[in-house]
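Topology and contacts: notes
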Amino acid sequence: MTLLLLAALLQAPIEEPRASLRGRFLVAETGEPVSGVTVEISTQLHGQPVDRSTRSDADGGFAFEGLPAGAWSLWARKTGYLPAAGFPITVPLEARQSRSDLVFRFHRHGIITGAVSDAEGNPAIGAAVTVYRYNWVEGRRSLRRVATAWADDRGIYRLFGLPAGAYLAGAVAPSSESLDGEVREQPITFYPSGTHHAEAGRIQLRWGQELGDVNLTLRYQPGYSISGMVTDVQTGGPCR
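Reading the values: rules and limits
Residues numbered from 1 in each chain as written. Predicted model: local features only at pLDDT ≥ 70, side-chain atom pairs only at ≥ 80, totals over all residues. Heavy atoms only, no water. Helix = DSSP H or I, 4+ residues; strand = E, 2+ residues; numbered from the N terminus. Pairing = 2+ DSSP bridges. Salt bridge = Lys/Arg side-chain N within 4 Å of Asp/Glu carboxyl O. Buried < 20%, exposed > 50% of the residue type's maximum accessible area, 1.4 Å probe, protein only. Axes fitted to C-alpha atoms, helices over the stretch in contact; angles between N-to-C directions. Phe/Tyr/Trp six-rings, centres within 6.5 Å; stacked < 30°, edge-to-face > 60°. Lys NZ or Arg CZ within 6 Å of the ring centre and 35° of its normal. Polar contact = N/O pair within 3.5 Å; in protein donor to acceptor, adjacent residues only side chain to side chain.

As for unusual backbone geometry
Among all residues save glycine, negative phi is the norm, and among peptide bonds the norm is trans. The step from Phe87 to Pro88 runs through a cis peptide bond, and the omega angle for that step is 5°. Within the secondary structure, Pro88 is located in the loop between strand 6 (81-83) and strand 7 (89-93). Here Tyr191 and Pro192 are connected by a cis peptide whose omega angle stands at 0°. Positionally, Pro192 belongs in the loop between strand 15 (189-190) and strand 16 (203-205). The phi dihedral of His46 is positive, around 55°, even though this residue is not glycine. Within the secondary structure, His46 is located in the loop between strand 2 (38-45) and strand 3 (48-55).

Here you go:
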């Protein structure tokens, strides 16, 4: 009987010692907890992938229990936030090790909002508002579109998910309204007032800031027509 019990114990799989991993997510600027962050970890165990995932709680905390030893890769993401440090990161864990010293900081994206009106002061329903940033391409400075939003029935627009930095804002009317015999074009109206980006004012946005009252009044410009005739250089007649 003793020999049978010993043989069974020798054949039974040996339970590997387990480790644990805990940490928190905080807003970089304020130190507030960030809840709802999706956290994923993965490693290789005996040549097979092992994956775990969870979400941070109301205090910004997360925990993984019963992990085998190994080098774990950790990713984290949350809509509307940008991690202060890049992911993934590698977290080594030894058998029976309990790590609770992980703190990750996220930047909260900024928001730009305001109203768009036409030249008569009425809400410009459906107007497209775009924010731009200057970009250098092959030694030349150019404007790069970052995000676009459309004005609602009150003329209100809201651009969100913006990183901190300096922006230009421009609005375009949704459709042209022309008088008889007059063509009215829709140039971009740059904040605060202007039809060229050189006339635009810089909008400085901080992380986590909601910048309101970035209001624009659309400017219209009259269009012009050009007509003429193409002639044959040899005959002097019309060139069909």
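What follows picks up the thread again.
Details of the pairing of strand 3
Every regular strand shows the same layout, with side chains that alternate between the two sheet faces. Bridge analysis of strand 2 against strand 3 gives eight bridges, and the strand direction is antiparallel. Bridged to Ile41 within strand 3 is Arg52. The antiparallel pairing of strand 2 with strand 3 creates a hairpin that spans two residues between the two strands, and His46 there sits at a positive phi of about 55°.

Details of the pattern of salt bridges
Tallying each qualifying case throughout the model produces four salt bridges. Where Arg99 meets Asp101, a salt bridge forms, and the shortest distance between an N and an O atom there is 3.3 Å. Under the relative-accessibility criterion, Arg99 is labelled buried at 18%.

As for the sheet that holds strand 1 (residues 19-27)
Through backbone hydrogen bonds, the strands of a sheet pair up, either in parallel or in antiparallel fashion. Spatial ordering of the open sheet is given by 4-1-8-6, a layout of four strands whose pairing is mixed. Of all the strands in the sheet, just strand 4 (61-67) and strand 6 have a single pairing partner and so form its edges. Strand after strand, the sheet turns through a mean of 30° between neighbouring axes, direction not considered. As judged from the seven bridges shared by strand 1 and strand 8 (residues 98-108), these two strands associate in the parallel manner. Residue pairing across strands places Leu26 opposite Arg105, the latter belonging to strand 8.

Here we look at the packing of aromatic side chains
Aromatic rings considered in pairs are described by the distance between their centres and by the relative angle of their planes. By the definition in use, this model includes nine aromatic pairs. The structure contains a cluster of three or more aromatic residues connected by ring pairs, namely Phe25, Phe62, Phe64, Tyr81, Phe87, Phe104 and Phe106. Looking at Arg133, its charged tip hangs above the ring of Tyr167, at a distance of 5.0 Å from the centre.

Describing the sheet that holds strand 3
Strand order in this open sheet of four strands is 3-2-5-7, and the pairing throughout is antiparallel. Bordering the open sheet on either side are strand 3 and strand 7, each of which pairs with just one other strand. Strand after strand, the sheet turns through a mean of 25° between neighbouring axes, direction not considered. Inspection of the sheet shows strand 2 paired to strand 5 (residues 70-77) by five bridges, in the antiparallel sense. Bridge pairing in strand 5 links Thr38 to Arg77.

Some thoughts on the side chain of Asp118
By the element assignment, Asp118 lies in the loop between strand 9 (110-117) and strand 10 (128-137). Polar contacts involving the side chain of Asp118 include one to the main-chain amide nitrogen of Gly121, which spans 2.9 Å.

Re the pairing of strand 5
The pairing of strand 5 with strand 7 spans five bridges and is antiparallel. Paired with Ser73 across the two strands is Thr90, which belongs to strand 7.

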